[in-house]
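# Fold and geometry: a report
This is what each chain is made of:
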Amino acid sequence: MPQFNTAIIGGGPAGVFAAIFASKNPQNFITIYEKNDILKTLLPTGGGRCNLAHAEFGIRELAANFPRGEKFLYSVFSKFSTSDTLEFFQNIGIKTYTQEDMRIFPKSNSASQVRDALAEVIKSAPNIKIVRQKAKNIQIDNGKFLVFTENGSQKYDALVIATGGKGLGHKFAQKLGHTVTPLKPALTGLKIKEKIFTELAGVSLKNVSASVPSENIKKITGDLLFTHNGISGPLAFKISSFCAYADYGENAPLAVKLNIVGENFEDFDKYLAEKLKNEARKDISNVVCEFAPKRFCDLLLRTANIDGSQKSGQISKCGRQKLAKMLTGLEFHAISPLKGGEIVTAGGISLKEINPATMESRIVKNLYFCGEILDIDGLCGGFNLQNCWSTGFVAGNSLFS
Ligand SMILES: Cc1cc2nc3c(=O)[nH]c(=O)nc-3n(C[C@H](O)[C@H](O)[C@H](O)COP(=O)(O)OP(=O)(O)OC[C@H]3O[C@@H](n4cnc5c(N)ncnc54)[C@H](O)[C@@H]3O)c2cc1C
């Protein structure tokens with residue numbers, strides 16, 4: 001029986017999935033090169049709880065959560081999607097539950113349980129070997145792949161590069177003729193130019209929406225958290241993702257408009273006028289606080305030069321309109337992604353050069369990619385791990401099958 005030797009560089013979620021599915025063919029012998037502990041990158045996911053999928057079961061609907069890679073993923077998700085992920089984890093003893101926001105976690109709320117279960121599958125496969133070393137270089141020699149570590153080199157029939165958003169994998173790919181689209185941080189908080197917002201550190205706004213006119217982003221929604229130097233939370237992550245390639249900075253900040261009340265200015269102003277009339281004897285601060293947390297409203301009132309103890313009935317039309325404007329379109333300016341906050345890399349191996357039916361390179365035969373190294377990144381909510389499971393499955397299943 002012929003034997004096929006495959007090297008997988010990177011023992012993160014994508015590389016491990018590729019190994020597990022490749023190992024189902026007993027002719028495949030798989031060596032995973034991992035410079036750290038296997039699946040170490042899984043441990044901090046979901047704040048240690050591992051948001052391993054999202055309860056979105058339609059292929060197109062699932063793919064719509066990827067600012068980059070959407071169309072490419074149609075084919076990938078048709079082979080392995082959310083229900084396959086859940087079935088796989090169920091079969092290896094990981095029970096899951098779905099949160100209200102549709103994010104799926106292990107019932108144990110423990111990323112290390114997920115890591116251990118996957119590591120056990122790898123350990124029990126007789127045809128998977130882990131080499132705990134950094135792959136320093138690769139070369140092609142007569143159609144075979146040479147992987148170099150500090151101990152020398154080994155020859156393989158196939159190579160899977162699954163080194164994630166950082167690391168040498170992009171360089172290896174470029175060396176083999178692949179294009180790497182510019183790498184940018186995504187799913188980060190954002191540093192804000194307006195210093196006044198720093199006093200809101202710790203304040204969170206529930207289910208608000210934002211638009212970014214210069215990027216033609218009309219409405220994205222989510223919770224927002226003010227931090228000591230900017231904004232964070234699901235809505236900030238979405239903005240950073242959709243604007244990963246926007247050209248902005250200290251001198252050309254990115255204008256973001258926040259809508260706290262979810263209505264347009266005209267409708268809301270009319271509603272507010274009526275409300276102020278009906279509640280004329282209430283302090284204006286008490287009325288405004290119905291729309292947002294008190295610290296946030298205090299800042300709005302101060303910015304609008306309105307004394308919070310004024311009675312609602314005394315507010316001028318101009319004052320009311322200022323408030324309505326801020327509650328429906330509060331403008332602030334992002335100047336950079338927040339350093340250290342990035343949780344995925346946008347950009348990577350150009351998808352034009354990969355066959356989505358197999359994850360094989362269209363440039364080099366028997367070369368495969370999976371996971372975050374690709375020019376694929378999803379929103380917050382389990383989508384990035386789903387990308388790893390799905391592309392890892394397709395790559396692993398395609399190896400000498
Ligand atoms: C804090 C945090 C929380 C997150 N939470 C979630 C979440 O809850 N849900 C979700 O869907 N996504 C989440 N993500 C994103 C998700 O973790 C990544 O998209 C995913 O880990 C990417 O998997 P990967 O296998 O492609 O790459 P990685 O996880 O980056 O794994 C690549 C592996 O390759 C190894 N490697 C690199 N170069 C070499 C080399 N030259 N030789 C040997 N080994 C090498 C690295 O050590 C690493 O182990 C989170 C990310 C972060 C940072």
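Below, the structure is looked at part by part. (Residues numbered from 1 in each chain as written. Predicted model: local features only at pLDDT ≥ 70, side-chain atom pairs only at ≥ 80, totals over all residues. Heavy atoms only, no water.)

As a further point, take the overall build of the protein chain. Along the backbone of the protein chain there are 12 helices and 21 strands. Within the protein chain, contacts between residues separated by at least 24 positions form 72% of all contacts whose residues are at least 6 apart in sequence. Summing over all exposed atoms, the protein chain offers an accessible surface of approximately 18000 Å²; the carbon and sulfur share of this is 49%. Measuring between centres, the 48 positive side-chain charges of the protein chain sit 3 Å from its 37 negative side-chain charges. (Helix = DSSP H or I, 4+ residues; strand = E, 2+ residues; numbered from the N terminus. Contact = heavy atoms within 4.5 Å. Areas by Shrake-Rupley, 256 points an atom, 1.4 Å probe, with all protein chains shown as cover. Lys, Arg positive; Asp, Glu negative; His and termini not counted. Charge placed at Lys NZ, Arg CZ, Asp CG, Glu CD.)

Our focus in this paragraph is the site of the ligand. Contacts to the ligand come from 30 residues, most closely from Glu34, Thr41, Gly46, Glu372 and Leu385. Ala14 is positioned such that a nitrogen or oxygen atom in its backbone is 3.0 Å from an oxygen atom of the ligand. Between a nitrogen atom of the ligand and a main-chain N or O atom of Asn51, the distance comes to 2.9 Å. Relative to its unbound accessible surface of 1000 Å², the ligand loses 86% to contact with the protein. Listing elements by their share of the shell around the ligand, those giving two or more residues are helix 1 (13–22) and helix 12 (383–398). With four residues, the top contributor of residues to the shell around the ligand is helix 12. When the residues that make up the shell around the ligand are grouped by side-chain class, the tally is 12 nonpolar, 14 polar and four charged. (Near = heavy atom within 4 Å. Polar contact = N/O pair within 3.5 Å; in protein donor to acceptor, adjacent residues only side chain to side chain. Nonpolar A, V, L, I, M, F, W, Y, C, P; charged D, E, K, R; others polar.)

Turning to the pattern of salt bridges, a few remarks are in order. As enumerated under the stated definition, the model contains 15 salt bridges in all. For Glu279, the salt bridge goes to Lys282, with nearest N and O atoms at 3.2 Å. A cluster of three or more residues bridged by salt bridges with shared partners is formed by Lys275, Glu279, Lys282 and Glu290. (Salt bridge = Lys/Arg side-chain N within 4 Å of Asp/Glu carboxyl O.)

So, on to unusual backbone geometry. Positioned with a positive phi, Asn207 is a non-glycine residue whose angle comes to about 45 degrees. You can call Asn207 exposed: its relative accessible area is 58%. One non-glycine residue, Asn366, lies in positive phi territory at about 70 degrees. Examined against the element boundaries, Asn366 turns out to sit in the loop between strand 20 (360–361) and strand 21 (367–369). (Buried < 20%, exposed > 50% of the residue type's maximum accessible area, 1.4 Å probe, protein only.)

Okay, the state of the cysteines next. A complete count under the given rule lists zero disulfides for this structure. The thiol sulfur of Cys50 is not disulfide-bonded, and the nearest other cysteine sulfur, from Cys388, lies at 10 Å. Note on Cys370: no disulfide assigned, nearest cysteine sulfur contributed by Cys388 at a separation of 7.7 Å. Cys370 gets classed as buried once you look at its relative accessible area, which sits at 1%. (Disulfide = S-S within 2.5 Å.)

Along the chain, the position of Ser316 falls in the loop between helix 10 (294–303) and helix 11 (317–329). Taking the C-alpha atoms as reference points, Ser316 and Gly169, 147 residues apart in sequence, are found 62 Å from one another.

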